[in-house]
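For reference, the chains in residue letters:
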Amino acid sequence: MARKIFVAGNWKMNTTIASGVALANGLKETIGSISEVDLAVFPPHVYLKSIAETLAGSQITVGAQTMYFEEKGAFTGEISAEMIQDVGCQYVLLGHSERRHVFGETDDVINRKVLKALAAGLKVILACGELLEEREADKTMDVNERQVKSALEGVEEAAMANVTIAYEPVWAIGTGKTASPDQAQEVHAEIRKLLAGLYDEETAQATRIQYGGSVKPGNAAELFAMDDIDGGLIGGASLKVEDFTAIVKAAL
Ligand code: PGA
């Protein structure tokens, strides 16, 4: 089955309102009419509405970098699925390694967020990935299996149409050290096998698995050419119009 490549930019805690809008306008100009690849950007929460308005009418969709699983109430500092939809988001990124390792989000919390996001009608990018010491201890697949399996607990097969997995080895994020195409492909194939076991072969073949971790204009094409790599989740290189554009064009 031919899966449509999906390239997303995770801006993390970067940009100002002015530089974020300028970045979005730049991307709108260079890649805003590309429909052969699915495109999304994940700006900081406070800029979501402005960026969604800037990108309206283009092919680039907008997502939030996290959300909370409750609907409303006394959860100081948090935002809900409904709130991010209200400001123009179609996507939410969940399970990113920085949420797991800097902010201590557990598998259980991530699972509750995934269930809530899907129930609210958001599309989810679910990130997973092993630490360097876990890879060195031969625990790569154990860790990725545990993270994916627990995050998807209770997610019905039909809802998987709204889930993209992002495999992001933690040792490759922001380090300039990319997984080799073969290293990434090996894990992607294992994750797809896991999905076939959790659901069925058809669902596994239809689900997109992005690679993330130091993707750059110079290595994107060879990563995206691998059988089970269906695009990328881009951090640092998504902050420059020129670099993100080149990565998206590498997918064409
Ligand atoms: P990076 O980040 O491209 O800067 O390595 C990827 C990510 O964390 O999604």
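Analysis parameters
Residues numbered from 1 in each chain as written. Predicted model: local features only at pLDDT ≥ 70, side-chain atom pairs only at ≥ 80, totals over all residues. Heavy atoms only, no water. Helix = DSSP H or I, 4+ residues; strand = E, 2+ residues; numbered from the N terminus. Rg over C-alpha atoms; globule rule 2.2 N^0.38 Å. Buried < 20%, exposed > 50% of the residue type's maximum accessible area, 1.4 Å probe, protein only. Areas by Shrake-Rupley, 256 points an atom, 1.4 Å probe, with all protein chains shown as cover. Lys, Arg positive; Asp, Glu negative; His and termini not counted. Charge placed at Lys NZ, Arg CZ, Asp CG, Glu CD. Pairing = 2+ DSSP bridges. Axes fitted to C-alpha atoms, helices over the stretch in contact; angles between N-to-C directions. Contact = heavy atoms within 4.5 Å. Parallel < 35°, antiparallel > 145°, perpendicular 65-115°, else oblique. Left-handed = near helix turned anticlockwise from the far one by under 90°. Nonpolar A, V, L, I, M, F, W, Y, C, P; charged D, E, K, R; others polar.

Colleague: Help me out: how do you make sense of the overall build of the protein chain in this one?
Modeller: When its secondary structure is counted, the protein chain shows 11 helices and 8 strands. Relative to the compact-globule value of 18 Å for 252 residues, the protein chain shows a C-alpha radius of gyration of 17 Å, a close match. Seen along its three principal axes, the alpha-carbon backbone of the protein chain occupies a region of about 45 × 45 × 35 Å. Per-residue burial over the protein chain gives 53% buried out of 252 residues. By element, 50% of the accessible surface of the protein chain is carried by carbon and sulfur atoms, the whole surface being about 11,000 Å². Charge separation in the protein chain, taken as the distance between the mean sites of 23 positive and 36 negative side-chain charges, equals 4 Å.

Colleague: Please explain the environment of Phe42 as it appears in this structure.
Modeller: Assignment of secondary structure puts Phe42 in strand β2 (residues 38-42). A C-alpha to C-alpha distance of 9.1 Å links Phe42 and Cys89, two positions 47 residues apart in sequence.

Colleague: Looking at this model, I keep getting lost on the sheet that holds strand β6 (residues 163-167). Mind explaining?
Modeller: The 8 strands lie next to each other as β1-β2-β3-β4-β5-β6-β7-β8, forming a closed barrel whose pairing is parallel. Across this sheet, the average inter-strand angle for adjacent strands is 25°, counted without regard to direction. In terms of strand pairing, strand β1 (residues 6-10) meets strand β8 (residues 231-234) through 4 bridges, oriented parallel. Directly across from Phe6, in β8, lies its bridge partner Gly231. Here helix α2 (residues 48-55) sits on the sheet and contacts β2 and β3 (60-64); the angle it forms with β3, its principal contact strand, is near 170°.

Colleague: Would you take a moment to explain the packing of helix α7 (residues 140-151) against helix α8 (residues 181-198) for this structure?
Modeller: Pairs of packed helices are described in terms of their axes, by the angle between the two and the distance that separates them. Relative to each other, α7 and α8 sit at 40°, their axes nearing to 10 Å. With respect to α8, the axis of α7 lies oblique. α8 is crossed by α7, and the crossing has right-handed handedness. Note on element contacts: α8 touches α7 through Val187, Glu190, Ile191, Leu194, Leu195 and Leu198, opposite Thr140, Met141, Asn144, Glu145, Val148 and Lys149. Its residues assigned to classes, the contact of α7 with α8 shows 7 nonpolar, 2 polar and 3 charged.

Honestly, that's just the spatial picture; any functional story needs more than this.
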